[in-house]
Amino acid sequence: MADNNHQHLTKRERRELRREEKKQARLHEQKQEQRKRLRRRITLWFLMLLGVGGGIFGMVQLAKNPSSHQISPSTPIDSTAGWTKGNKDAKVTLIEYSDFQCPACRNSYAWVKRLTLEFNDKMQFVYRHFPLKQIHPNAELAARAAEAAGRQGKFWEMHDMLFENQSNWANRSDAGEIFIKYAQSLNLSVEQFKNDLNSREVREKVENDYQHSIQSGIDATPTFFLNGKKIQNPRSYEEFKNLIQQAIQSNS
Amino acid sequence: MKSLKTSSSRPFKVIPKSIVLAFLIVSVVGFLDATYLTAKHYLGEVPTCSILEGCEKVLTSSYATLGGVPVALPGAAYYLVIFLSLVAYLDTPRRSILRFVAYLTFLGFLASLGFVYLQLFVLKAICLYCMASAASSIILFGLGICVLKYR
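Quantities reported herein were computed from a predicted structural model and do not represent experimental measurements.

## Quick look at the interface of chain B and chain A
Piece 1. With 23 residues of chain B at the contact, the number on the chain A side is 28 residues.
Piece 2. Here the side of chain B that touches chain A takes 7 residues from helix 2 (residues 17-43) of chain B, the largest share from any one element.
Piece 3. In the side of chain B that touches chain A, the residues fall into 13 nonpolar, 5 polar and 5 charged.
Piece 4. The pairing of strand 4 (residues 220-221) of chain A with strand 1 (residues 49-50) of chain B spans 2 bridges and is antiparallel. The residue of strand 1 of chain B that forms the bridge with Thr221(A) is Cys49(B).

Right, here's the structure in full:
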């Protein structure tokens, strides 16, 4: 009887032991499953955050590249027409197709001004009108104002004034009045300025420049040509200066 | 077995994976677009002016920044929050996360409507990058409505 009992106990013990073992195995499996899930979660978040970081890096790199929607000119660039500054006999000519109402042109204006001062003897700078009338309602009028001032020998003074004060007239419906005030402050004959501003010659001059730009395949401002070759718009003054220096060295 | 159990205990319809995937893709597109515009702003490069595009007019307008911060920056943050919330949903599929994202898209939708209005009627110039962001926000809003429909 006692032996039977013992046998019964060991059987139960054995069953319990098996149950315990099964429980342990289940727990182990669960733990492994949990670990696996944790690993999967960490991988998911790691990959996603890596993707976000990579995305930001990629976009910053992309943004660093200069805009490249400009096309190369289809006709050779004439280096004589336009308003010139600097040494006319210089071996380096920088041509700009520009729009007085364009913020990027305002930006490059400051660099070009420094360049023309620094390389006054070694470089000639040519300014050509390319008023983007479709998107800048006052651009054509501003170009005419500069031309009208030019008829009284103050093209560059008006050119500087227009760029310096761009934000004051760019979106104004009374830009014409503002330009007359600029003419006054430049000591121009206001009557003549007004006449020239609306004269057929001045209108034609600006329109010719515009048409010439279109025919040359230029579609954006500012567009620069260094010795007849279109250059990518420099992103800093230093970059611009280096380009000019290189051109001067290779032509000396 | 498990899925049967969940479907019987929950009266909800299952949100199709395609909606979550579309949400993820569109939020990534919006995020990259807004990050690009933010980077452009902080790199200080003034976009060139082109005959057909009015991007520079939009990006240099007074509406492009709020107290010196380009509006693209909160835009990028918005898309990032949506994206990370979706990753969280993939991680632990709780419906409340998707509902949060769906409500959030209302905000993006309203902001985008405002920006599209400014471009079309005030600035009268269109910036393709800004329009791409607006399109992303509108699609996200549509997807948000789809999510809210699955109750």
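The rest of the description comes next.
## Comments concerning the sheet that holds strand 2 (residues 92-98) of chain A
Residues and elements named next belong to chain A.
Piece 1. In space, the 5 strands of this open sheet follow the order 1-3-2-5-6, with mixed pairing throughout. Where the open sheet ends on each side, the last strands, each with one partner, are strand 1 (83-86) and strand 6 (229-231). Across the sheet, the mean angle from the axis of one strand to that of its neighbour is 25°, orientation sign disregarded.
Piece 2. With respect to the sheet, helix 9 (residues 237-250) is in contact with strand 2, strand 3 (123-129), strand 5 (223-226) and strand 6, its orientation differing from that of strand 2 by roughly 145°.

## Let's talk about helix 6 (residues 175-185) of chain A
All names here are of chain A.
Piece 1. The complete set of buried residues in helix 6 reads Ala-175, Phe-179, Tyr-182 and Ala-183. Down the axis of helix 6, the buried side of the element spans an arc of 100°, and every buried residue falls inside it. Facing away from the buried side of helix 6 by more than 90 degrees, the exposed set consists of Glu-177, Lys-181, Gln-184 and Ser-185.
Piece 2. At the C-terminal side of helix 6, Asn-187 shows a positive phi close to 60°.

## Some words on the nonpolar core
Piece 1. Formed by 60 residues in total, the largest nonpolar core has its most connected members in Ala142(A), Ala145(A), Ala146(A), Ala149(A), Leu162(A) and Ile244(A).
Piece 2. When sequence neighbours within four positions are dropped, the list of residues in contact with Ala142(A) reads Phe100(A), Gln101(A) and Leu162(A).
Piece 3. Within the second largest apolar cluster, 25 residues are counted, among which are Phe31(B), Tyr89(B), Leu98(B) and Ala102(B).

## Some words on the confidence of the model for chain B
Residues and elements named next belong to chain B.
Piece 1. Scored by pLDDT, chain B has a mean of 83; 85% of the residues are at 70 or more.
Piece 2. Element-level pLDDT for chain B is lowest in helix 1 (residues 2-9), with a mean of 43, against a maximum mean of 92 in helix 4 (residues 72-91).
Piece 3. Taken together, the stretch residues 1-11 has pLDDT below 50 and engages in 0 contacts with residues farther than four places along the chain or on a different chain.
Piece 4. In the model output, the complex is listed with pTM 0.64 alongside ipTM 0.79.

## With respect to unusual backbone geometry
All names here are of chain A.
Piece 1. Note the cis peptide between Thr-221 and Pro-222, where omega equals -5°.
Piece 2. Assignment of secondary structure puts Pro-222 in the loop between strand 4 and strand 5.
Piece 3. Here Asn-187, not a glycine, exhibits a phi torsion of approximately 60°, which is positive.
Piece 4. Tracing the backbone shows Asn-187 in the loop between helix 6 and helix 7 (190-197).
Piece 5. With a phi angle near 50°, Asn-227 is a residue other than glycine that sits in the positive phi range.
Piece 6. Note on placement: Asn-227 falls in the loop between strand 5 and strand 6.

## Overview of the environment of Gln245(A)
Residue and element names in this part refer to chain A.
Piece 1. Secondary-structure assignment places Gln-245 in helix 9.
Piece 2. Its 14 C-beta neighbours within 10 Å are what place Gln-245 among the partly exposed residues.
Piece 3. Distance from Gln-245 to Met-123, taken between C-alpha atoms, is 9.8 Å for residues 122 residues apart in sequence.

## Remarks on the packing of helix 6 of chain A against helix 7 of chain A
Residue and element names in this part refer to chain A.
Piece 1. Close contact between helix 6 and helix 7 brings their axes to 9 Å; oriented N to C, the two are set at 140°. Compared by their axis directions, helix 6 and helix 7 come out oblique. Two packed elements cross with a definite hand, and for helix 6 against helix 7 that hand is right-handed. On helix 7, the residues that touch Ile-180, Ala-183 and Gln-184 of helix 6 are Val-190, Phe-193 and Lys-194.
Piece 2. Class assignment for the residues of the contact of helix 6 with helix 7 results in 4 nonpolar, 1 polar and 1 charged.

## Let's talk about the packing of helix 2 of chain B against helix 4 of chain B
All names here are of chain B.
Piece 1. Packing of helix 2 against helix 4 leaves a shortest axis separation of 8 Å and a crossing angle of 150°. Judged by the inter-axis angle, helix 2 sits roughly antiparallel to helix 4. As helix 2 packs across helix 4, the resulting crossing turns out to be left-handed. In contact with Val-20, Phe-23, Leu-24, Ser-27, Val-28, Gly-30, Phe-31, Ala-34, Thr-35, Leu-37, Thr-38 and His-41 of helix 2, helix 4 contributes Ala-72, Leu-73, Gly-75, Ala-76, Tyr-79, Leu-80, Ile-82, Phe-83, Leu-86 and Tyr-89.
Piece 2. Split by residue class, the contact of helix 2 with helix 4 holds 16 nonpolar, 6 polar and no charged.

## Concerning helix 6 (residues 128-149) of chain B
Residues and elements named next belong to chain B.
Piece 1. With 22 residues, helix 6 extends 32 Å from end C-alpha to end C-alpha; this agrees with the ideal 32 Å at 1.5 Å per step.
Piece 2. Cys-130, Ser-133, Ala-134, Ser-136, Ser-137, Leu-140, Phe-141, Leu-143, Gly-144 and Val-147 are the residues of helix 6 that are buried.
Piece 3. Against helix 2, helix 3 (55-59), helix 4 and helix 5 (95-122) lie the buried residues of helix 6.

## Quick word on the environment of Asn171(A)
All names here are of chain A.
Piece 1. By secondary structure assignment, the location of Asn-171 is in the loop between helix 5 (166-169) and helix 6.
Piece 2. For Asn-171, a count of 15 C-beta atoms within 10 Å puts it in the partly exposed group.
Piece 3. Distance from Asn-171 to Gln-101, taken between C-alpha atoms, is 9.0 Å for residues 70 residues apart in sequence.

What counts as what
Residues numbered from 1 in each chain as written. Chains lettered and ligands numbered in written order. Predicted model: local features only at pLDDT ≥ 70, side-chain atom pairs only at ≥ 80, totals over all residues. Contact = placed C-beta atoms within 7 Å. Helix = DSSP H or I, 4+ residues; strand = E, 2+ residues; numbered from the N terminus. Nonpolar A, V, L, I, M, F, W, Y, C, P; charged D, E, K, R; others polar. Pairing = 2+ DSSP bridges. Axes fitted to C-alpha atoms, helices over the stretch in contact; angles between N-to-C directions. Buried ≥ 20, exposed ≤ 12 C-beta atoms within 10 Å, placed from the backbone. Arc of directions from axis to C-beta. Core = buried A, V, L, I, M, F, W, Y, C linked by C-beta atoms within 7 Å. pLDDT = per-residue confidence, 0-100. Parallel < 35°, antiparallel > 145°, perpendicular 65-115°, else oblique. Left-handed = near helix turned anticlockwise from the far one by under 90°. Expected span 1.5 Å × (residues − 1).

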